[in-house]
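So you can see what is in the structure, the chains are spelled out below.
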Amino acid sequence: MKLDLVDLGLFVNIAESGNLTHGASKSFLSPPAASARIKALEQEVGHPLLVRENKGVRLTADGQTFLRQARLVLRQVDFLQDEMLGAGRIRLFANTTAVTEILPDVLAGFLAERPGVKVDLQERTTSEVIRGVTEGVADLGVVSGDVPVTGLEVTRFSEDRLVLVTPADHPALDARSLWLEDSLAYDHVGLHDGSTLNRFLRDQVPHGGYERSLRIQVRSYEAMCRMIEAGVGIGVMPESAACRHAAVMNVRMTSLKDSWALRHRSILVRDRHALSGICKALMDHLIAKGDTVEQG
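Here's a quick rundown of the structure.

What counts, and at which threshold
- Residues numbered from 1 in each chain as written.
- Predicted model: local features only at pLDDT ≥ 70, side-chain atom pairs only at ≥ 80, totals over all residues.
- Heavy atoms only, no water.
- Helix = DSSP H or I, 4+ residues; strand = E, 2+ residues; numbered from the N terminus.
- Contact = heavy atoms within 4.5 Å.
- Areas by Shrake-Rupley, 256 points an atom, 1.4 Å probe, with all protein chains shown as cover.
- Lys, Arg positive; Asp, Glu negative; His and termini not counted.
- Charge placed at Lys NZ, Arg CZ, Asp CG, Glu CD.
- 1 Å grid on protein atoms, 1.4 Å probe; cavity = no way out; pocket = protein on both sides within 12 Å on 5 of 7 lines; lining within 4 Å.
- Points joined across faces, edges and corners; volume = space filled by probe spheres on them.
- Nonpolar A, V, L, I, M, F, W, Y, C, P; charged D, E, K, R; others polar.
- Buried < 20%, exposed > 50% of the residue type's maximum accessible area, 1.4 Å probe, protein only.
- Arc of directions from axis to C-beta.
- Salt bridge = Lys/Arg side-chain N within 4 Å of Asp/Glu carboxyl O.
- Polar contact = N/O pair within 3.5 Å; in protein donor to acceptor, adjacent residues only side chain to side chain.
- Axes fitted to C-alpha atoms, helices over the stretch in contact; angles between N-to-C directions.
- Parallel < 35°, antiparallel > 145°, perpendicular 65-115°, else oblique.

So, about the overall build of the protein chain. Across its full length, the protein chain holds 13 helices and twelve strands. Here the C-alpha coordinates of the protein chain stretch approximately 70 × 45 × 30 Å along the principal axes. Counting contacts in the protein chain only where the partners sit at least 6 residues apart, residues at least 24 apart contribute 72% of the total. When the accessible area of the protein chain is evaluated, it comes to approximately 14900 Å², of which 49% is carbon and sulfur surface. Distance from the positive charge centre (34 side chains) to the negative charge centre (38 side chains) of the protein chain: 4 Å.

So, in structure tokens, the structure goes:
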């Protein structure tokens, strides 16, 4: 079976856009030329990869398999070029806490020492991080908690402790620690629906109890703390974020008794040995910074 890198790239572009014309445009080909290449590719593979429909295309089961492997082949070609040029681009998916609280400082030091390196950092939910790494869309993934994954390598590098943040004079401070469910007697301030933390907390309380307690949802931990400081409600967030904002705002922290409040933060990869040198360097850098992250 003879495969052409141009055809692999064309197939990936069509599959990701769900449209032959759009995929052809991304590959700088005319639709007729792209269609002819895809038909020749399917003949070479011996299986139909796309189903043509009125509004676009969809992948067959063989097409899904081909897409996963094509992405990996193309990414390995990128790795080869990066190694030869002494540069590189890293695609990193991470959950909300990692993107806002951990990775900015870690990546700043890493990139300052490597001027030829670029990082595509995207905030995703845990399930999206897992899927992105599994399908080869992301080189590395960062998640928190016990994540059930199959076919990925999981490396723990720090801990992520969740705490309850309240106004300085809130009655919840009378207790040294609380169960999350008991705290729901008070109004809560939470993150937006698309955040990993919001979904995680909703999963911990049955029958929508956490969702019903939410008085307002905001886009960042800073906004949460400002609302909490103003007396709008209380909220759950990572201890690192709470400590940073408590230093400049009139808010306090209370421990959560729930066992899930202490979560492991992990790096996900498909195969560490198949990573480019620069991706391995970032992974090693994250692991080395693990102790500093926990203390922060």
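With that settled, the discussion passes to the layout of surface pockets. Roughly 350 Å³ of internal volume is contained in the largest pocket. In this structure, the largest pocket is lined by 17 residues; those nearest its centre are T126, S144, D146, F200 and R263. Elements that contribute at least two residues to the lining of the largest pocket include exactly helix 6 (126–134), helix 8 (196–204) and strand 12 (262–269). The element best represented in the lining of the largest pocket is helix 8, accounting for five residues. Classifying every residue of the lining of the largest pocket by side-chain character gives four nonpolar, nine polar and four charged.

Among all positions of helix 11 (residues 239–246), only S240, A241, A242 and H245 are buried. Against helix 5 (96–112), strand 6 (153–167), helix 10 (221–229), strand 10 (235–238) and strand 11 (251–256) lie the buried residues of helix 11.

All right, on to helix 10 then. Taken residue by residue, helix 10 has Y221, M224, C225 and I228 as its buried positions. Along helix 10, the residues classed as buried sweep out an arc of 95 degrees about the axis, all on the same side. Phi for G231, located one or two positions after helix 10, is positive at around 90 degrees.

Take H192: it is sitting in the loop between strand 8 (188–191) and helix 8. Residue H192 is classed as buried on the basis of its relative accessible area of 14%. For H192, the contacting residues outside a window of four places in its chain are E123, N198, Q217, V218 and R219.

Let us look at the pattern of salt bridges. Evaluated as defined, the whole model comprises 15 salt bridges. We note a salt bridge from R71 to E135, for which the minimum N-O separation is 3.3 Å. Here R71, found in helix 4 (residues 61–85), pairs with E135, found in the loop between helix 6 and strand 5 (140–144); they are 64 residues apart in sequence, far enough to count as distant. Relative accessible area serves as the criterion here: at 13%, R71 is assigned to the buried category. Linking E113 and R114 is a salt bridge whose minimum nitrogen-to-oxygen distance equals 3.5 Å.

So, on to the environment of Q204. By the secondary structure assignment, Q204 is in helix 8. For the pair Q204 and A15, spaced 189 residues apart in the sequence, the C-alpha separation amounts to 36 Å. With sequence-adjacent residues up to four places away left out, Q204 is seen in contact with L180 and W260. Of note is the side chain of Q204, whose polar atom sits 3.0 Å from the backbone oxygen of F200.

We now examine unusual backbone geometry. A positive phi angle, close to 60 degrees, is found at F28, a residue other than glycine. With a phi close to 60 degrees, H207 is a non-glycine residue in the positive phi region. Its place among the elements puts H207 in the loop between helix 8 and helix 9 (209–213). Classification of H207 as exposed rests on a relative accessible area of 73%.

Attention now goes to the packing of helix 5 against helix 11. Closest axis-to-axis distance for the helix 5/helix 11 pair is 10 Å, and the angle between their directions is 75 degrees. Judged by the inter-axis angle, helix 5 sits roughly perpendicular to helix 11. Of the residues in helix 11, those touching helix 5 at T100, E101 and I102 are S240, A241 and R244. Broken down by class, the residue content of the contact of helix 5 with helix 11 amounts to two nonpolar, two polar and two charged.

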